[in-house]
Structure formats: C-alpha cells, structure tokens
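Structural overview
These are the residues of each chain, in order.
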Amino acid sequence: MRSLDLAGDPVELCAALVDVPSVSGDEGELASALEAALRAQAPHLRVLRSGHAVLARTELGREKRVLLAGHIDTVPIAGNVPSRRDAGLLHGCGTSDMKAGDAVFAHLAAVLPDPRHDLTFVFYDCEEVEAVRNGLGRIEREHRDWLAADLAILGEPTNGAVEAGCQGTLRVDVTVRGRRAHSARSWLGDNAVHKAEAVLHRLATYPAREVDIDGCRFREGLQAVRIAGGVAGNVVPDECVVTVNFRFAPDRDAAAAEKHVREVFDGFEVTLTDLSAGALPGLGEPAAQEFLAATGAVPTAKLGWTDVARFAALGIPALNYGPGDPNLAHTRDEHVEPRKITEAVDVLRRFLA
C-alpha cells in the first residue's frame, strides 16, 4: 500500500493521490492509504471507514463544526496516470477533479490539531457515476451523525473561486407518436420524426430565466440532449423521443421544476427520467460569512449540480471551493496549477486555524 505524507508539501500529496488509480468503484486502495495515513499522522482525529470512503473528525467541543468533503474517485483513466510535471503544471487524471481539493483537505487534517471550529473530513467514493452509488448517500443512511455541521465546503474545482449553491437538474423524455407505413407509400403513415419539430420549436424559443439569489446570478437552461427515432431505411417512423435536460435555479424545488417542464411541453407525452434538486447559496449563515471574509472572494453561482445539494437537503449551508479548474475536469490533459493548491491551503488555514 502506498504511503502518503499528509503533513508535507500538499502539491506532492496531490501527485501521490493521483498516482493511486481510483476510477469510480475501484477506490479501495486509495481509501486504505488515506485511512492508514490519517490514523498514523493525525492522532487527534477520530477515523471511520465506510466502504471505500474515509471519514475523520475532531471532537473538541467547539461551538461550530465545519465539514470538508471531497470525492476520491475519478472518471476512467485516459493514459494520464501516473502524474507528471510539465511547464510548472501538475498533470494527471483527477488532478483538477478533485484530488487537488482532496490533498488540501488531507493536509489540513494532519496539520490542524487545534482548530477554532470542530472539523469533519469526508473522503468519499462514486461521485462520478450514477447517484444511487454515491458514497455520501451511503454515509447519510449509515452514519448520519458524521454529516452534522454548521457549514460544508465541497472541494469541487472552482479555480480558487467560491461558488455558492448549485443548479438543479432534471431530464425528461418527450415522446411524439405517429403511424408506421412503407416509405414508398408515405401518405399512409404519420411521421413521428417530422412531428418532433414542434418539440424542438418550443425548445428553440424557450425564454431562459435568470434569477439573483443572495447576490449570485443563476441562469436556467432547457436543452435537447438526445433525439431518437426511426425504424428502418424504408419505414415511416411511428415514434420519436426527444430527451430534454432542464438546469434550474435553486429557488425552484424539484416539484416546481417538474411542473414547469410539463407545462412547457403541454400536449405531449412527458416521462420524467432523472431529477435532482439544487441548493440555495446559504450565504446569510454566520459560518458562510466567516469563510467568505477569510477568502476575500465575491461568491458566484454554481452553474451545474454538485453534492452541495445533498448537504443543503440536510439543512447544512454548503459552498464549492477548490483549487482545480472545472474546464479541465475529465479531459485527457487534466492538470492543476501548484500555486492554486498552496493558495487554497493558506485560505482554509486562515479560516480554520
């Protein structure tokens, strides 16, 4: 098992984390390395293992608790493990999303034995795959008390910015039906693919809403992400399915988002296939204000869905803050700037020490 030096250079720690492959579902080796390092190098923490997740926390009786969470899984490797240095950048699968954030949190776990807030660290599995496998869900079911906090900080890549809340996401299949016929006698049929033009027209003319929440500007979007129809090269199709993704502002709850989409496609057959609520920024909470003061950052809206929504559903204000660049996530050329890692360490140390 690889040995990790948590208290050393956090950039080198990030490289070491990248060098242990941890594609979703195969995080066991990395989880074991983190668990061993935390038990040996952070005796001030209580450590818990949950599947391929590792949790650790202080129990100092502080008035407030801050939770720092990062997923340790990555998308499939694209010839970019082990890590490498090039032109001052650290390259490798997961450097940006989000082993740089994990390295920051693991380093702080070892070097902050006496923080001014109690701390909980959560390094969890299976974030990059379907939601039912997400390690946070298992932890919530089996160890709910470990997720209690006054503020959660998720180390998702934000390029050192603070991104508050997140959009919700919804997918539906809009089905258009027709009547089959031989294409040589097309007038006997009713082409469902042609009729889908009405669905696409509603999408093309949809007025995307923008809303300001706690000073963060969220923009909604309704987009066709897939279209399927057709039987054979000589058959008029009798069915066409347009898959639509709705990214909605967190002032809409899940039920309101679904209701809105059904209203947009009134008159069509609509089947809900996926729905995850968003998260309000929660910037008015004292712990969040304290963190913003430490960063000096002006928060922006998180345009996308992240696990801050899970914490928001538990009544915990949550923010996205990490050293990685979100535009590099999941790419073959994924990399991180070392200075972003050290800056994140400095910011969080200033907030927590």
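Residues numbered from 1 in each chain as written. Predicted model: local features only at pLDDT ≥ 70, side-chain atom pairs only at ≥ 80, totals over all residues. Heavy atoms only, no water.

1. Here's the deal with the overall build of the protein
How we decide: Numbering of helices and strands runs from the N terminus, with a helix taken as a DSSP run of H or I at least four residues long and a strand as a DSSP run of E at least two residues long. When accessible area is computed with a 1.4 Å probe and restricted to protein chains, residues below 20% of their type maximum are described as buried, those above 50% as exposed, and intermediate ones as partly exposed. Accessible surface is estimated by sampling points in the Shrake-Rupley manner with a 1.4 Å probe; for residues, cover comes only from the protein chains shown. All tallies of charge rest on Lys and Arg as positive and Asp and Glu as negative; His and the ends of each chain are not included. Where a charge lies is defined by one atom per residue type: Lys uses NZ, Arg uses CZ, Asp uses CG and Glu uses CD.
Looking only at helices and strands, the protein has 10 helices and 19 strands in total. Along the longest, intermediate and shortest principal axes, the C-alpha atoms of the protein span 80 × 45 × 40 Å. Here the protein holds 353 residues, and 54% of them are scored as buried. Approximately 14800 Å² of the protein is accessible, and the part contributed by carbon and sulfur atoms is 49%. In the protein, the 38 positive side-chain charges and the 51 negative ones have mean positions that sit 3 Å from each other.

2. Focus on the sheet that holds strand S2 (residues 53-57)
Threshold: Two strands pair under a simple rule: DSSP has to find at least two bridges between them.
The strand order across the open sheet built from 8 strands is S1-S2-S6-S3-S7-S18-S8-S17, with neighbouring strands paired in mixed fashion. At either margin of the open sheet sits one strand with a lone partner, and together these are strand S1 (46-50) and strand S17 (300-301). Alignment of strand S8 (residues 163-164) against strand S18 (residues 318-320), held across 2 bridges, turns out to be antiparallel. In the sheet register, Ala164 faces S18, and the bridge partner there is Leu319.

3. Some thoughts on the packing of helix H8 (residues 286-295) against helix H10 (residues 338-352)
Stated precisely, the cut-off is as follows: Simply put, an axis is a line fit to the C-alpha atoms, just over the touching stretch for a helix, and the angle between two N-to-C directions goes from 0 to 180 degrees. Convention used here: angles under 35 degrees read as roughly parallel, angles over 145 as roughly antiparallel, angles from 65 to 115 as roughly perpendicular, and any remaining angle as oblique. A crossing counts as left-handed when the near helix is turned anticlockwise from the far one by less than a right angle, and as right-handed when that turn is clockwise. Residue contacts are defined here by distance: any two heavy atoms, one from each residue, within 4.5 Å place the two residues in contact. Three classes are used: nonpolar for Ala, Val, Leu, Ile, Met, Phe, Trp, Tyr, Cys and Pro, charged for Asp, Glu, Lys and Arg, and polar for all others, with Gly counted as polar.
Between H8 and H10, the shortest axis-to-axis distance is 9 Å and the interhelical angle comes to 130°. Regarding the angle of H8 to H10, the classification is oblique. Every pair of crossing elements has a handedness; the one defined by H8 and H10 is right-handed. Between H8 and H10, the contacting residues are Ala287, Glu290, Phe291, Ala294 and Thr295 on the first element and Val347, Leu348, Arg350 and Phe351 on the second. For the contact of H8 with H10, the class distribution of residues is 6 nonpolar, 1 polar and 2 charged.

4. Focus: the layout of surface pockets
Let me state the cut-off plainly: The pocket and cavity definitions rest on a 1 Å grid over protein atoms only: a 1.4 Å probe that fits but cannot leave marks a cavity, an open set with protein on both sides within 12 Å along at least five of seven lines marks a pocket, and residues lining either have an atom within 4 Å of a point. Grid points are joined across faces, edges and corners, and a volume is the space filled by probe spheres set on the points.
Taken as a whole, the largest pocket encloses approximately 640 Å³ of empty space. Along the wall of the largest pocket there are 24 residues; nearest its centre are Glu127, Glu128, Arg247, Trp305 and Thr306. Of all the secondary-structure elements, those providing two or more residues to the lining of the largest pocket are strand S9 (168-177) and strand S16 (269-276). Of the residues forming the lining of the largest pocket, the biggest block, 3 residues, is contributed by S16.

5. Considering the sheet that holds strand S19 (residues 335-336)
If you trace the 3 strands from one edge of the open sheet to the other, you get S4-S5-S19, paired in antiparallel fashion. Either end of the sheet is taken by a strand with one partner, and the two such strands are strand S4 (84-86) and S19.

6. What about the domain arrangement of the protein?
Let me state the cut-off plainly: Throughout, the edges of the domains are those of an automatic or database domain assignment. Buried surface area refers to the total accessible area, computed with a probe of radius 1.4 Å, that the two partners give up upon joining, counted for both partners together. For salt bridges, the criterion is a side-chain nitrogen of Lys or Arg within 4 Å of an Asp or Glu carboxyl oxygen.
Per the domain assignment, the segments of the protein are domain 1 (10-166 + 279-352) and domain 2 (168-276). Taken over C-alpha atoms, the centre of domain 1 sits 35 Å from the centre of domain 2. Between domain 1 and domain 2, the residue contacts involve 15 residues of the former and 12 residues of the latter. In total, about 900 Å² of surface goes out of reach between domain 1 and domain 2, with carbon and sulfur atoms giving 70% of it. It is Pro281, Ala301 and Trp305 in domain 1 that bury the most area against domain 2; as a group they hold 43% of the surface buried on that side. At the junction of domain 1 and domain 2, the tally comes to 0 salt bridges.

7. Some thoughts on the nonpolar core
Note the threshold: By convention a nonpolar core is built from buried Ala, Val, Leu, Ile, Met, Phe, Trp, Tyr and Cys residues, the set being connected through side-chain atoms within 4.5 Å.
Core analysis: the biggest nonpolar cluster contains 63 residues, and Ile153, Phe291 and Leu348 have the highest contact counts within it. Top element by residues in this core is helix H3 (residues 95-111). It accounts for 8 residues. Of the residues that make up this core, three or more belong to each of domain 1 (10-166 + 279-352) and domain 2 (168-276). Among all residues touching Ile153, those that are not within four sequence positions of it are Val66, Leu67, Leu68, Ala69, Phe105, Phe291, Leu319, Tyr321, Leu348 and Phe351. Among the nonpolar cores identified, the runner-up in size contains 21 residues, and Ala69, Ile139, Ala279 and Ala318 belong to it.

8. Brief notes about the packing of aromatic side chains
Worth spelling out the cut-off: Between the rings of Phe, Tyr and Trp (Trp by its six-membered ring), a pair exists once the centres lie within 6.5 Å; its type follows the angle of the planes, with under 30 degrees stacked, over 60 edge-to-face, and the other angles tilted.
Tallied over the full model, the rule gives 3 aromatic pairs. With 5.5 Å between their ring centres and 75° between their planes, Phe291 and Tyr321 make a pair best called edge-to-face. Taken together, the residues Phe291 in helix H8 and Tyr321 in the loop between S18 and S19 connect sequence positions 30 residues apart. Classification of Phe291 as buried rests on a relative accessible area of 0%. Among the residues examined, Tyr321 registers a relative accessible area of 5% and is labelled buried.

9. Digging into empty space enclosed by the protein
Within this structure, the stated rule accounts for 1 cavity of 30 Å³ or more. Taken together, Leu136, Glu140, Leu147, Arg310, Phe311 and Leu314 make up the full set of residues lining the largest cavity. Elements supplying a minimum of two residues to the lining of the largest cavity: helix H4 (135-142) and helix H9 (308-313). Of the residues belonging to the lining of the largest cavity, the class tally is 4 nonpolar, no polar and 2 charged.

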